[in-house]
Amino acid sequence: MPVTLTQYILQYGYLAVFLLIFLQELGVPNPISNELVLLFSGYLASIHTFSFTFIFLTAVSADFIGTSILFFVFYYFGEYLLNHKPKWIPISRERIESLTHRISQKGMLSIYIGRLIPYLRGYTSVAAGLLRIRPKVFISAVIISAITWSGGYVLAGWILGPYWQKASDAIGGVRMVLFTLGIIILFFVIKSLVKYVIRRQKSKISVKN
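Residues numbered from 1 in each chain as written. Predicted model: local features only at pLDDT ≥ 70, side-chain atom pairs only at ≥ 80, totals over all residues. Heavy atoms only, no water.

## Section: the nonpolar core
To keep it simple, the criterion reads: To form a nonpolar core, buried Ala, Val, Leu, Ile, Met, Phe, Trp, Tyr and Cys residues must be joined to one another through side-chain atoms within 4.5 Å. The rule is simple: take the accessible area with a 1.4 Å probe, protein chains only, and divide by the maximum for that residue type; under 20% is buried, over 50% is exposed, in between is partly exposed. Under the DSSP-based scheme used, a helix requires at least four consecutive residues in state H or I and a strand at least two consecutive residues in state E, with every element numbered from the N terminus.
Core analysis: the biggest nonpolar cluster contains 23 residues, and Ile9, Val17, Ile21, Val37, Leu38 and Phe50 have the highest contact counts within it. Those elements that provide at least two residues to this core are helix 1 (3–12), helix 2 (14–25), helix 3 (34–46), helix 4 (52–83) and helix 7 (135–160). If you tally residues by element for this core, the top one is helix 3, at 8 residues.

Spelled out as structure tokens, the structure:
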């Protein structure tokens with residue numbers, strides 16, 4: 001943990017923790033990951049610098065509010081994006097609406113799991129907004145995920161106490177593995193999408209001829 005950031009958290013307390021988590025949930029890059037901030041906050045609660053109850057509620061609230069704003073931004077502007085969707089994107093409006101309906105019926109678990117995966121947390125909220133998932137479904141899933149994720153890290157920092165830094169180092173290694181796997185998966189998804197578009201364009205040309 002950078003010394004300046006540590007001093008910032010110690011000086012401004014709950015407000016600093018809230019802003020750091022909130023901004024990162026909005027997609028604003030922070031100099032340090034939320035996991036580290038949460039673990040450090042839990043550690044401060046273990047030495048009674050923070051109240052565990054208040055820091056737990058602060059972390060969960062920042063997580064929930066930040067990602068909910070991100071969701072609603074894409075939720076309300078999603079209609080515009082669909083109406084101005086480039087023709088080369090191989091998915092129809094009807095297909096998106098059908099997918100949205102299915103996720104709305106059984107999407108709470110998908111949103112919850114997505115919000116627990118590093119590097120996919122923010123994208124889950126964006127995707128849910130673009131697909132116009134019912135706010136009730138999204139909010140219900142996000143409340144539970146915020147308690148599990150942010151609250152869980154605060155609890156871990158509180159339990160681990162002075163060993164929180166070792167835990168954060170171990171988590172950093174896991175995050176790197178998940179990031180690498182995510183890049184590989186993304187590569188194959190893009191590759192398959194490009195092949196699909198090329199095949200579709202060729203079939204259109206052959207039909208015209």
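## Observations regarding the packing of aromatic side chains
Stated formally: A pair of Phe, Tyr and Trp rings is counted when the ring centres sit within 6.5 Å of each other, with Trp represented by its six-membered ring. The angle between the planes then sorts it: under 30 degrees is stacked, over 60 is edge-to-face, the rest tilted.
This model, assessed by the stated rule, comprises 14 aromatic pairs. Centre to centre, the rings of Phe52 and Trp158 are 5.0 Å apart; their planes meet at 40°, and the pair counts as tilted. Taken together, the positions of Phe52 in helix 4 and Trp158 in helix 7 put the pair 106 residues apart, joining distant regions of the chain. Using a relative accessible area of 40% as the deciding quantity, one classes Trp158 as partly exposed. A centroid spacing of 5.4 Å and a plane angle of 40° characterise the contact between Phe71 and Tyr75, whose relative ring orientation is tilted. A residue pair is termed a helical-turn pair when its members lie 3 or 4 positions apart in one helix, as Phe71 and Tyr75 do in helix 4 at 4 residues. An aromatic cluster is defined as three or more aromatic residues linked by ring pairs; in this entry it consists of Phe71, Phe72, Tyr75, Tyr76 and Phe138.

## Let's talk about the pattern of salt bridges
Filter applied, for reference: What makes a salt bridge here is a side-chain nitrogen of Lys or Arg within 4 Å of a carboxyl oxygen of Asp or Glu, nothing more.
Counting across every chain of the model gives 4 salt bridges. For Arg121, the salt bridge is made with Glu25, and the minimal N-O distance between the two is 2.5 Å. Highlighted residues: Arg121 in helix 6 (residues 121–130) and Glu25 in helix 2, separated in sequence by 96 residues. Judged by its relative accessible area of 7%, Arg121 falls in the buried class. Looking at Glu25, the relative accessible area reads 7%, which means it is buried. For the salt bridge of Arg121 with Asp63, the shortest nitrogen-to-oxygen distance reads 3.2 Å. Residue Arg121 is found in helix 6, and its partner Asp63 is found in helix 4; the two are separated by 58 residues along the sequence. Taken together, the shared-partner salt bridges connect Glu25, Asp63, Arg115 and Arg121 into one network.

## Some points on unusual backbone geometry
The phi torsion at His48 lies on the positive side, around 70°, for a residue other than glycine. One can find His48 in the loop between helix 3 and helix 4. Here His48 falls in the exposed class, since its relative accessible area comes to 71%.

## Let's talk about the packing of helix 2 against helix 3
So the rule is basically this: Think of each axis as a best-fit line through the C-alpha atoms, taken over the contacting stretch in the case of a helix, with angles from 0 to 180 degrees between the N-to-C directions. These descriptions rest on fixed angle ranges, namely under 35 degrees for roughly parallel, over 145 for roughly antiparallel, 65 to 115 for roughly perpendicular, and the rest for oblique. The hand of a helix crossing depends on one turn: near helix anticlockwise from the far one by less than a right angle means left-handed, and clockwise means right-handed. Should any heavy atoms of two residues lie within 4.5 Å, those residues are considered in contact. Residues were grouped as follows: Ala, Val, Leu, Ile, Met, Phe, Trp, Tyr, Cys and Pro as nonpolar; Asp, Glu, Lys and Arg as charged; and all remaining residues, including Gly, as polar.
Axis separation between helix 2 and helix 3 bottoms out at 10 Å; the angle between their running directions is 160°. With respect to helix 3, the axis of helix 2 lies roughly antiparallel. Like other packed secondary-structure pairs, helix 2 and helix 3 cross with a definite hand, here left-handed. Of the residues in helix 3, those touching helix 2 at Val17, Leu20, Ile21, Gln24 and Glu25 are Asn34, Val37, Leu38 and Ser41. Grouping the amino acids of the contact of helix 2 with helix 3 by side-chain chemistry returns 5 nonpolar, 3 polar and 1 charged.

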